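Each chain, letter by letter, is given below.
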Amino acid sequence: MTLPVQRPRSFLERLFIPEILRGLYITLQHGLHNLFHQDQPTVEYPDMRRVMPDRYKGAHRLTTRPDGKVKCVACMCCAQVCPARCITIEAGEDADEPIEKYPVQFQIDMLRCIYCGYCVEACPKDAIRMDTGIYEINSFTRQDMIHDKAYMTDLMDGKKPLAEKFYRDQPDQAPAGFDGTQDRVVSVDDSRGL
Amino acid sequence: MPTVKINGIEVEVPAGTNMIEAAAKIGIEIPHYCYHPHLTVAGNCRMCLCDVEAGGRGPDIACNMQARDGLAIRTDTPRVKQMRKSVMEFLLKNHPLDCPICDQSGECRLQDYYMDYGQYESRLADPKVTKHKRQDIGDHLVLDAERCVACSRCVRFGDQITGTGELRLFNRTDHTEIGIFPGVRIDHDYQGNLADICPVGAITSKDFRFQKRVWYLTDTDSICTACATGCDIKVCHERNQVFRIKPRRNDAVNQSWMCDHGRMIWQDLTSLGRLLQARVEGQVGNTDAAMQTAVETLQGAEPGTVGVVLGTQASNEANWALWRLAKDALKGASVFWCQGNDPGAWDRVDDLLIDADKNPNTEGVRALTRHDASIGDGADLAHAVREGNLKTLLVLQDDVLGRLGDAADGVAVLYIGTHRNGTVDKAAVVLPAAHTVEQDATYTNRRGQVQRVRRAVHPAGDSRPAWQLLDRLGASLGKAPGASTAAIAFKKLSAQVPAFADMTYRALGTQGLPLVAPQPEAQTDQASQEHHEPAK
Amino acid sequence: MAHFPTPPLDGHGPVDWSPEDQAEIAELMTHYPTKRSALLPILWMAQRKWGWLSFDVMRLVATTVDLPPSEVYSVATFYTMLKKQPTGKYLIQVCHTLSCKLAGAEQIVDHIKKKLGISEGETTPDGMFTLMRVECLASCGSAPMMQIDDDFHEQLTPDSIDAILDGLAQGQPLPSPRPEVDQWTFRSLES
Amino acid sequence: MENHWAELIVVLIKCVFSLAFVMQIVPILIWAERKVSAYIQDRRGPNRAHIMGIRAAGLVHTLVDVVKLVVKEDIIPDHVEKGFWFAAPVIAMSVALTTFTVVPWGDSLLLPISVTSLWGGTAAMEIPLQVAQINGGMLFILAIGSLGVYGVMLAGWASNNKFSLLGGLRASAQMISYELAMGLSVAAMFMLYGTARLDQIAAQQAGPIWNWGIFGVLNSPSFDPLVLIGWVVGGLAFLLFWTSVFAETNRMPFDLPEGEAELVAGYHIEYSSLRFALFFMAEYAHMIVGSAVTATLFFGGYNIPFLDGAAIRAHSDLILMVLGFGGVPVSLAFAFIAWRRSKRPFYRALAKNDIRHREPRFFISMWTMSALSALGLGVVGALGLVGGTVLGPELLAFALQTGSLFIKVLFGTFFMIWVRWTLPRFRYDQLMDLGWRAMLPTAIGTIMLAGVWVIVREAVHAV
Amino acid sequence: MDVPKPRILTRRWGLAGSHTLAVAEEHGGYASLRKALSMAPADITALVKASGLRGRGGAGFPTGLKWSFVPNAEKRAGKPVYLICNADESEPGTFKDRYCIWNDPHMLIEGCVIAAHAIGAKAAYIYLRGEFKYVKDRLDDALKEARAKGYVGKNIMGSGVDVDVWTHQGAGAYICGEETALLSSIEGHRGQPKLKPPFPAVEGAWHSPTIVNNVETLQVVPWLIEHGPDAYRAIGTEKASGTKLFSCSGNIKKPGVYELPLGYPMMELLNDECGGLLDGHTLKAVIPGGSSVPIMTPQEVAKATMDYESINEVAGSYLGSGGFIVMDERADLVDVLANLLRFYAHESCGQCTPCREGTGWMFSILDRLKSGDCTEDDIRILRDVANNIHSRTICFFGASAAMPVQSFLKKFPEEFFGRAGVSVPDDWRPAASAK
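Residue positions are counted from 1 within each chain, in the order its sequence is given. Lettering for chains starts from A, numbering for ligands starts from 1, and both go in the order in which the items are written. pLDDT decides what is reported in this predicted model: residues at 70 or higher carry local features, side-chain atom pairs at 80 or more are listed and counted, and totals for whole chains, interfaces and linings draw on all residues regardless. Side-chain descriptors were evaluated using all non-hydrogen atoms of the structure, hydrogens and water having been removed beforehand.

**A word on the overall build of chain C**
Argument step 1. By the criteria applied, helices consist of DSSP H or I runs no shorter than four residues and strands consist of E runs no shorter than two, each listed in order from the N terminus. Of the regular secondary structure elements, chain C holds 8 helices and 4 strands.
Argument step 2. Ordered by position in the sequence, the α and β elements of chain C form the string α-α-α-α-β-α-α-β-β-β-α-α.
Argument step 3. Along the first, second and third principal axes, the C-alpha set of chain C runs to 50 × 40 × 35 Å.
Argument step 4. Relative accessibility thresholds used throughout: buried, under 20% of the residue-type maximum; exposed, over 50%; partly exposed, between the two (1.4 Å probe, protein chains only). Per-residue burial over chain C gives 58% buried out of 191 residues.
Argument step 5. Residue contacts follow a heavy-atom distance rule, with two residues in contact if any of their heavy atoms lie within 4.5 Å. At a minimum sequence separation of 6, the contacts of chain C that also span at least 24 residues come to 64%.
Argument step 6. Methods summary: accessible areas were calculated by the Shrake-Rupley approach with a probe of 1.4 Å, and residue burial reflects only the protein chains presented. Only carbon and sulfur atoms are counted for the fraction: they give 53% of the accessible area of chain C, which is about 7700 Å².

Following this line, the structure appears as structure tokens:
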């Protein structure tokens, strides 16, 4: 049910015309500004990309130890906490003395993933991260949307997040705070037009 | 019986009962690691410290406080909470906290009590003492000494239950470490219990290692059918797949233990010899067709040449259904049972739990024979076959042909069973029966304890509970035993066989009931009545 | 800090009691109501006979007292005087608990270390001496002190240490037991 | 009747011209709708589609849309009332186009040679720049325009769908309601003009800008405080008429026939492909016609202020020179803008071999050529090459006047778009309230005031 | 103080060859045994009870009362009774038992046989600590002599009483001085304390009633038989009768064992008997009864007398086994406490949780504190851990390890907080006294 709110109105206001003109003036201002300035916040994807903030939850990756093995010990905390039940892990016995356990299989069904990031929070070993900044997660087949251990381990090797690569190649257009020598974007001034 | 007061609640318990058990009786949980109801009191974990209000000096440990009049303790004071918290802190002082790779996590006392009484904020700045990890101490066991809280349960198990004493605590101070003597491995038949009683993840099962996180598993109460002991078990399964079997406490049967062979019975579910489809003359086919053939065979047989063989491997319900089938649908069929058949490859015997009789329901069948004197034994069966009096045999999970050998050539055998054996290969018709963990039923153990099994997973393949198959067979023959569900079958069984009098599934509960002792006079009367009743 | 070494796996090889030992063991067992009570004395015997307790020795002791070998190992690791690792001919144990510490046990240890050229827990290259620090040996009144094998050496000074160690090294040990015990006994009588 | 054939040909040409006039603006409007809305909302608007790398600020999208709409499957639902359903979009479109026939887009074109002379007639021929010179021209517009409701109504009813029926009902009720105010406001203007012929109405507004209908003065020779009455009449009539045009074209804030939330697409919910395109284009055609009629009634029609037909013809060389030389810096300015845009980060983000790198180059050269052409035009004017000819001044007048109307129409439609992205829509009761309780009485009042003004004006003239 | 200083325990010390049977017999040895064998066991127990003799091992439990806890033959249903002499002297600061046995083994043997007769034991064991090998050798020799003379063995002196006395050597575990741990050790188990109840007097060694007494306690018994309870009561204070051996060590001129009547002023013990502090040094603290008892400040030392009650009243400390450790101003108490805790961390039996994990934890904190790598929080944690161990363990070891920490932190907090680089917080003292 709608309850009409009665507001006291002056005659001019009731006439609407001055108000309409005011509104028209505002919109015209915007229109003209944009006609002469190309500073809209729109990012002209895919030719240009937005640098994702550090904590943007992109595609998952599996981190590795210095010896190249995945850090994951198949504790299933992520699989347990996942509200979409999209993580499948099969554990196996590792030869390493203190580690003992590793994932023979680690799959994430990205079609079911809701990018909540709980898996990252639940992980006791910092083995899974969503810091790739990769947001183009798509495929032509359902099978390819199931990311497996090998894929997620290699995700960052030679494939830095595309936006970063872009700004590394085009340093003069990089947002304030972008440091090309570091791995991650330090801070992003999102209000700035690109 | 002395009366003690726990948190102001009075409870009457037998003399000598300790306060952990007394408190459990009124629903108060006193946390503990080293105490185990079937082992001696060690009192070294200090987790069960309670305040003593009267009748002693406190604080004291509940496990070593025996009930006596005037004793009053409290478990809910701030000091008790603080004591538990501090003990938890001490226990975790040198614990590696490797829960992510520890199979115990999810059923670990350290985790449970930490959540209940933990410090939550770490005060430990000093390095931990390292100990030996991942030691192979037995065919079924892995030992991680770092996770150990030195409760000595495993040591006492080895001393008091198996008497082998391989595990010991070595060194002293915080370097105290559980271990075995080099070159001496644990090789008794009760290794799995060590993993069970270990309240933390120090001793874990090699068979279950990394197979599944326990919180995914569902427990179904059942009993072990590997031998006549009938140990109470929990079947742990997820999504129609069994992952492990653990013993369940039943002081009348197995206390808290079970043997390693029993733990592996779930592997029979998918073993090579498992019957998953019906067979007619060795040809695999569908159950309906096989059932039809069986009916035709039975109907086509000359009266008086049909015999049925009860199975000590099968449940009470199935045996009862077969017995009724013989009495009602197959008029004049003679009934037999054979003792001590099918020992299988596993022939270990001891005086703890492993029985020489590998048939889980020998006593159940015997109870039936006590009731119906007309049931012949193995010798009668062999005689009847040799004489050629029997042309058709309906066999319930019993390797009759394997025992009779060539003498039974020419006898048409209809077999109902779970696994392949000598009879299956020669049988005219084979109907696949469900395994014990796939059905609801009851078994009677060597001491006459009638206990339930519950369905944990779906029957594999086309197999169905034997009582169900027999009920369908009876229906096709014109008179079904009336076993539409296991509960109904058991209800009729208890009404007809006095040894099972007044038993119901509900009454059996989780611990089962002993058979009603036979009363010679009444038994014969009743038996003759029962015997004649169907004929009317 | 407490150190509980794990015995090396290569021990003495097959070992057995001599008939005299067996007689002694039999006699020992008559002292106690149970066989296993003689475990500690037998372990002592074994240590005197074989120098230290290897797994082989412990296995033999286990058979002698009808116990699982792990039980013997468990008991042996509980007591610090039962050696789980081989030591030099003379085991020097310097007390460093409170009274001895107040009397200067640290200097004693340092002196021995310097003299023998080894640090704690080590054995001299010639296999003569092993130096260890131990907790209180109940000789606080005559601190600082050390124990070499079964003998107490008390009221140590660098000079007396030199004399003792040199004597041992030259096969001329001081008479045992040390006379200081008697001397210090009279303290209480003088008052 | 010797000229019949010639006239027929001329009329046919004029029909084609008027059709083209309307239909070429439609795609521009569709593009403008998208781009204006984007800019008003601080967005980029369409900019992806391109032909050979030329995106033309999103214009290509419109082309692609047309292709898409033509090529798409034409779904004819089983449950629709076929005949009416087919007819509805045709009605909607044809009504919009038909009304434009009476709108003049110039005074007349005096051809030095007569077409009929080919058959041996008179030497010169004056062609009025209007398809049909009807006496009740404005009434014709009202009459035909009100037929537009049939298209909507039939579409709504014939679709046999609750949503479209409701949409149709709303549309028809809205259109009928606002036709009243529209008719009455036009009636007031009739009283001022003394005629309903649009060519005459337009001709009356030639000359200085205060001759425009919106001022309601109409050739009043001198300024007098009483002129204010005329201003009020003209202004009110304009407001009423313009508002009604919004309502008739179903534009915001009167777009009640559609409504995502309650009606989905409204009356054309069942239409697809080209049939939907007809509705779609009819709306824009309506806007164009509405704007053209408003311009003719209130803003001098095809007339350029202070520069009537005769003046153009008299000073054609001068005008050409001014236009030509004036066009050069304008074109160059655009070329500069195109160059500057080529420096945007976007182009640097593109791959080196990306075809879209052509676009700035294309526009720079285009505007440069445009500047050259303007320069040529100016030179032509300066040399006086046009004024001396017979056809030249005529064609210049035709071009300028048609261009004038074109610009006024464009402004009108732009205004409609502008309003759309400024105002929120009405509630249906508010819509009816406005139509019946505010606009209708005001329109009647305007007529009365117009009567007063006509009398006063005559009195003033008399004085 | 000019009080008589009777020599009860040390009466044969200093005689040439005092450890030999001949010298012992010459000076009254085994005379009491003859007398005792003629008495009824219950009478002996009553006599000991009347004398007010308290256990000299540390706890000060009345000896006669302890003996009377042994169930009578009917109740114990054929189970034998055992007497065990605790000579596992291992408390830092205590070294009297070694002197007792070394100087006068026959007094111990005589005491053992009398006590065994009193409680009805057929076997008595003398549990010597492993390091006392040479003491054991002398005791074994003495036993051989006594056995040859018929003072030990079957039918002693024709009285029909059979008492066998055996020596048993430990192997380096402080905890075996705890009576139940000693029982475990003598049974051949790990020397871990047993749960109480059942108490040893009811169910001790080999599940039989067992009495465990300190060397000093048993050595008093022959004198009691000889002189009667009243003579003993006349010495010492009302609640603590008799004399006691004090083992004095630390920064004093004359360390050694002194036999003094209980109730002797502590200051006089320090200045007169022990010869006072080394020249030029001042008293900083005293540990009055072996390392595990709470420390005392000089003010408290001035007020206290050497008996069970006074020390407790004045300083909240205990007489313990009489290990009197004196520290002068050079002693760094952080270092001293770390030294003590290293001892406890090394000697914990590892059976029950708080002590197993807590002693090591306390030591590692103190070890850090020693080097100053420590914060105020660590000191609070240290006190917390000590409080969490105290009286929550199976045996008294936990409290033994916790009490020094608690008392050091309570009485000398400046030293500890100073090491952490902060001043003593305002809330420290009241909280410390609350415990």
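**Section: the nonpolar core**
Argument step 1. Counting residues in each nonpolar core, the largest one holds 173 residues, and the members touching the most others are C:Tyr79, E:Trp67 and E:Leu83.
Argument step 2. With 10 residues, helix α15 (residues 333–347) of chain E is the single largest residue contributor to this core.
Argument step 3. Setting aside residues up to four positions removed in sequence, E:Leu83 forms contacts with E:Cys112, E:Ala115, E:Ala116, E:Ile119, E:Ala121, E:Ala123, E:Ala124, E:Tyr125, E:Ile211, E:Asn213 and E:Leu218.
Argument step 4. Ranked by size, the runner-up nonpolar core spans 96 residues in total, among them D:Val80, D:Val131, D:Leu142 and D:Phe246. Put simply, buried Ala, Val, Leu, Ile, Met, Phe, Trp, Tyr and Cys residues joined by side-chain atoms within 4.5 Å make one nonpolar core.

**Digging into the pairing of strand β3 (residues 101–109) of chain A**
In the case of a regular strand, side chains alternate between the two sheet surfaces.
Residues and elements named next belong to chain A.
Argument step 1. Any two strands with at least two DSSP bridges between them are considered paired. In this sheet, β3 lies alongside strand β2 (residues 87–93) in antiparallel orientation, the contact comprising 7 bridges. Bridge pairing in β3 places Glu90 opposite Gln105.
Argument step 2. Pairing of β3 with strand β5 (residues 146–147) involves 2 bridges; the strand directions are antiparallel. Bridge pairing in β5 places Ile108 opposite His147.

**Looking at the interface of chain D and chain A**
Argument step 1. On the side of chain A, 26 residues touch chain D, which itself brings 25 residues to the contact.
Argument step 2. Taking both partners together, chain D and chain A bury about 2200 Å²; carbon and sulfur atoms supply 56% of that area.
Argument step 3. Salt bridge, as applied in this entry: a Lys or Arg side-chain nitrogen positioned within 4 Å of an Asp or Glu carboxyl oxygen. On the surface where chain D and chain A come into contact, there are 0 salt bridges.
Argument step 4. Here a polar contact is recorded for every N or O atom pair within 3.5 Å, except that within protein the pair must consist of a potential hydrogen donor and a potential acceptor, and residues adjacent in sequence are included only if both atoms are side-chain atoms. Between the two partners, chain D and chain A, sit 9 residue pairs in polar contact (both at pLDDT 80 or more).
Argument step 5. Where the side of chain D that touches chain A is concerned, the elements lending two or more residues are α1 (4–40), α10 (316–341), α11 (345–349) and α13 (391–420) of chain D.
Argument step 6. Residue composition of the side of chain D that touches chain A, by class: 13 nonpolar, 2 polar and 10 charged. Throughout, the accessible surface (probe 1.4 Å) given up by two parts as they are put together, summed over both, is called the buried area. Gly counts as polar in this scheme, as do all residues outside two lists: the nonpolar Ala, Val, Leu, Ile, Met, Phe, Trp, Tyr, Cys and Pro, and the charged Asp, Glu, Lys and Arg.

**Let's talk about the sheet that holds β2(A)**
Argument step 1. Strand order across the open sheet formed by 3 strands is β2-β3-β5 (chain A), with antiparallel pairing between neighbours. Every other strand in the sheet has two partners, leaving β2 and β5 of chain A as the edge strands with one partner each.

**Examining the sheet that holds strand β4 (residues 210–214) of chain E**
Residues and elements named next belong to chain E.
Argument step 1. Strands sit in the order β3-β2-β1-β4 across an open sheet of 4 strands; the sheet is parallel. The open sheet has two edge strands, β3 (164–169) and β4, and neither has a second partner. Each strand axis lies, on average, 20° off the axis of its neighbour in the sheet, ignoring direction. To obtain each axis, a line is fitted to C-alpha atoms, and for helices this fit is confined to the stretch in contact; angles are then taken between N-to-C directions over 0 to 180 degrees.

**Considerations on the packing of aromatic side chains**
Argument step 1. Each pair of aromatic rings taken from Phe, Tyr and Trp, with Trp reduced to its six-membered ring, is defined by centres within 6.5 Å and is described as stacked if the planes are under 30 degrees apart, edge-to-face if over 60, and tilted in the remaining cases. Counted by the stated rule, this structure contains 62 aromatic pairs over all chains.
Argument step 2. Taking the centre distance of 5.2 Å and the plane angle of 80° together, the rings of C:Phe78 and C:Tyr79 count as edge-to-face.
Argument step 3. Looking at C:Phe78, the relative accessible area reads 0%, which means it is buried.
Argument step 4. Aromatic side chains E:Trp13 and E:Tyr99 sit 6.5 Å apart centroid to centroid with 50° between the ring planes, which places their arrangement in the tilted category. Of the two residues, E:Trp13 sits in the segment before α1 (21–26) while E:Tyr99 sits in helix α6 (residues 96–103), which places them 86 residues apart along the sequence. Like E:Trp13, the residue E:Tyr99 is buried in the burial classification.
Argument step 5. By way of ring pairs, the aromatic residues D:Trp212, D:Phe238, D:Phe241, D:Trp242, D:Phe246, D:Phe298, D:Phe299, D:Phe411, D:Phe414, D:Phe415 and D:Trp418 are connected into one cluster.
Argument step 6. Two thresholds decide whether a charge sits over a ring: the Lys NZ or Arg CZ must be within 6 Å of the ring centre and within 35 degrees of the ring normal. Positioned above the aromatic ring of B:Tyr117 is the side chain of B:Arg84, whose terminal nitrogen or guanidinium carbon lies 5.0 Å from the ring centre.
Argument step 7. The cationic tip of B:Arg244 hangs over the ring face of B:Phe208; the distance from NZ or CZ to the ring centre is 4.5 Å.

**What about helix α13 (residues 466–477) of chain B?**
Residue and element names in this part refer to chain B.
Argument step 1. In this analysis, the expected span of each helix is defined as 1.5 Å times one less than the number of residues it contains. With 12 residues, α13 extends 16 Å between its outermost C-alpha atoms, agreeing within 8% with the 16 Å of an ideal straight helix rising 1.5 Å per residue.
Argument step 2. Buried within α13 we find Ala466, Trp467, Leu469, Leu470, Asp471, Leu473, Gly474 and Leu477.
Argument step 3. One or two residues past the end of α13 sits Gly478, with phi positive at roughly 115°.

**Let's talk about the interface of chain E and chain C**
How big an interface is tends to be stated in terms of accessible area lost as the parts join.
Argument step 1. Counting residues at the interface gives 69 residues for chain E, matched by 53 residues for chain C.
Argument step 2. Taken over both partners, the interface formed by chain E and chain C buries close to 5100 Å², and the fraction arising from carbon and sulfur atoms is 61%.
Argument step 3. Along the contact surface separating chain E from chain C lie 3 salt bridges.
Argument step 4. Of the charged contacts, one joins C:Glu154 and E:Arg98 as a salt bridge, the two residues approaching to 2.9 Å between their closest N and O atoms.
Argument step 5. One can count 26 residue pairs in polar contact (both at pLDDT 80 or more) joining chain E with chain C.
Argument step 6. Top contributing element to the side of chain E that touches chain C by residue count: α15(E), with 9 residues.
Argument step 7. Tallied by class, residues from the side of chain E that touches chain C come to 32 nonpolar, 22 polar and 15 charged.

**A short note on the confidence of the model for chain C**
Argument step 1. Taken over all residues, the pLDDT of chain C has a mean of 87, while the share at 70 or more is 90%.
Argument step 2. Of the two predicted TM-score estimates for the complex, the pTM is 0.79 and the ipTM is 0.75. Known as pLDDT, the predictor's confidence for each residue is given on a scale from 0 to 100.

**Observations regarding the arrangement of the chains**
Argument step 1. In this assembly, 5 pairs of chains are in contact, and the pair contributing the most contacts is chains C and E.
Argument step 2. The two units chain B and chain D never meet; even their closest C-alpha atoms stay 45 Å apart.
Argument step 3. Between chain C and chain D there is no contact, and the shortest C-alpha to C-alpha distance separating them is 66 Å.

**Comments concerning the pairing of strand β6 (residues 256–261) of chain E**
Residue and element names in this part refer to chain E.
Argument step 1. Most of β6 is tucked away, with 6 of its 6 residues classed as buried.
Argument step 2. By the alternation rule, side chains of β6 split into Gly256, Tyr258 and Leu260 and Val257, Glu259 and Pro261, which are all buried.
Argument step 3. Across 6 bridges, the pairing between strand β5 (residues 243–250) and β6 is antiparallel. Across the sheet, residue Thr243 finds its bridge partner in β6, namely Pro261.

**Remarks on the pattern of salt bridges**
Argument step 1. With the rule as written, the count across this model stands at 98 salt bridges over all chains.
Argument step 2. In this structure, A:Lys69 engages A:Asp94 in a salt bridge whose closest nitrogen and oxygen atoms are separated by 3.4 Å. With a gap of 25 residues between them, A:Lys69 in the loop between β1 (61–62) and α3 (77–81) and A:Asp94 in the loop between β2 and β3 connect regions that are remote in the sequence.
Argument step 3. Across the pair B:Asp51 and B:Arg79 runs a salt bridge, and its minimum N-O distance is 2.7 Å. Residue B:Asp51 is located in strand β3 (residues 49–54), and its partner B:Arg79 is located in helix α2 (residues 78–93); the two are separated by 28 residues in the primary sequence.

**Focus on the state of the cysteines**
Argument step 1. The disulfide criterion is simple: two cysteine sulfur atoms within 2.5 Å. Counted under the stated rule, the structure contains 0 disulfides over all chains.
Argument step 2. Just so you know, E:Cys352 is unpaired, no disulfide at all, and the nearest cysteine sulfur is the one on E:Cys355, 5.7 Å from it.

**Describing the packing of helix α8 (residues 316–329) of chain B against helix α14 (residues 486–496) of chain B**
Residue and element names in this part refer to chain B.
Argument step 1. Where α8 contacts α14, the axes come no closer than 9 Å and their chain directions differ by 65°. Overall, the two elements α8 and α14 adopt an arrangement that is roughly perpendicular. Handedness of the crossing formed by α8 with α14: left-handed. Contact residues: Asn316, Glu317, Trp320, Trp323 and Arg324 in α8; Ala486, Ala489, Phe490, Lys492, Leu493 and Gln496 in α14.
Argument step 2. Among the residues forming the contact of α8 with α14, the class breakdown is 6 nonpolar, 2 polar and 3 charged. An angle below 35 degrees is read as roughly parallel, one above 145 as roughly antiparallel, one from 65 to 115 as roughly perpendicular, and any other as oblique. In a left-handed crossing the near helix is turned counterclockwise from the far helix by less than a right angle, and in a right-handed crossing that turn is clockwise.

**Topic: the confidence of the model for chain A**
Residue and element names in this part refer to chain A.
Argument step 1. Averaged over all residues, the pLDDT of chain A is 79; the fraction at 70 or higher stands at 79%.
Argument step 2. Per-element confidence in chain A ranges from a low mean pLDDT of 60 for helix α6 (residues 162–169) to a high of 94 for helix α4 (residues 118–122).
Argument step 3. Low pLDDT (under 50) marks residues 182–194, which in the prediction has 34 contacts with non-local residues, meaning those over four places away or in another chain.

**Details of the side chain of D:Asp199**
All names here are of chain D.
Argument step 1. As for its position among the elements, Asp199 is in helix α6 (residues 198–204).
Argument step 2. Assessed through its relative accessible area of 14%, Asp199 is described here as buried.
Argument step 3. At a separation of 3.4 Å, a polar atom in the side chain of Asp199 contacts the side chain of Gln133.
Argument step 4. Beyond its immediate chain neighbours, meaning those up to four positions away, Asp199 contacts Pro104, Gln130, Gln133 and Tyr302.

**Considerations on the packing of α10(D) against helix α12 (residues 358–383) of chain D**
Residue and element names in this part refer to chain D.
Argument step 1. At a closest axis distance of 7 Å, the pairing of α10 and α12 adopts a crossing angle of 165°. When the axis of α10 is compared with that of α12, the two are roughly antiparallel. Here α10 runs over α12; the crossing is left-handed.
Argument step 2. For the contact of α10 with α12, the residue count by class is 20 nonpolar, 7 polar and 1 charged.

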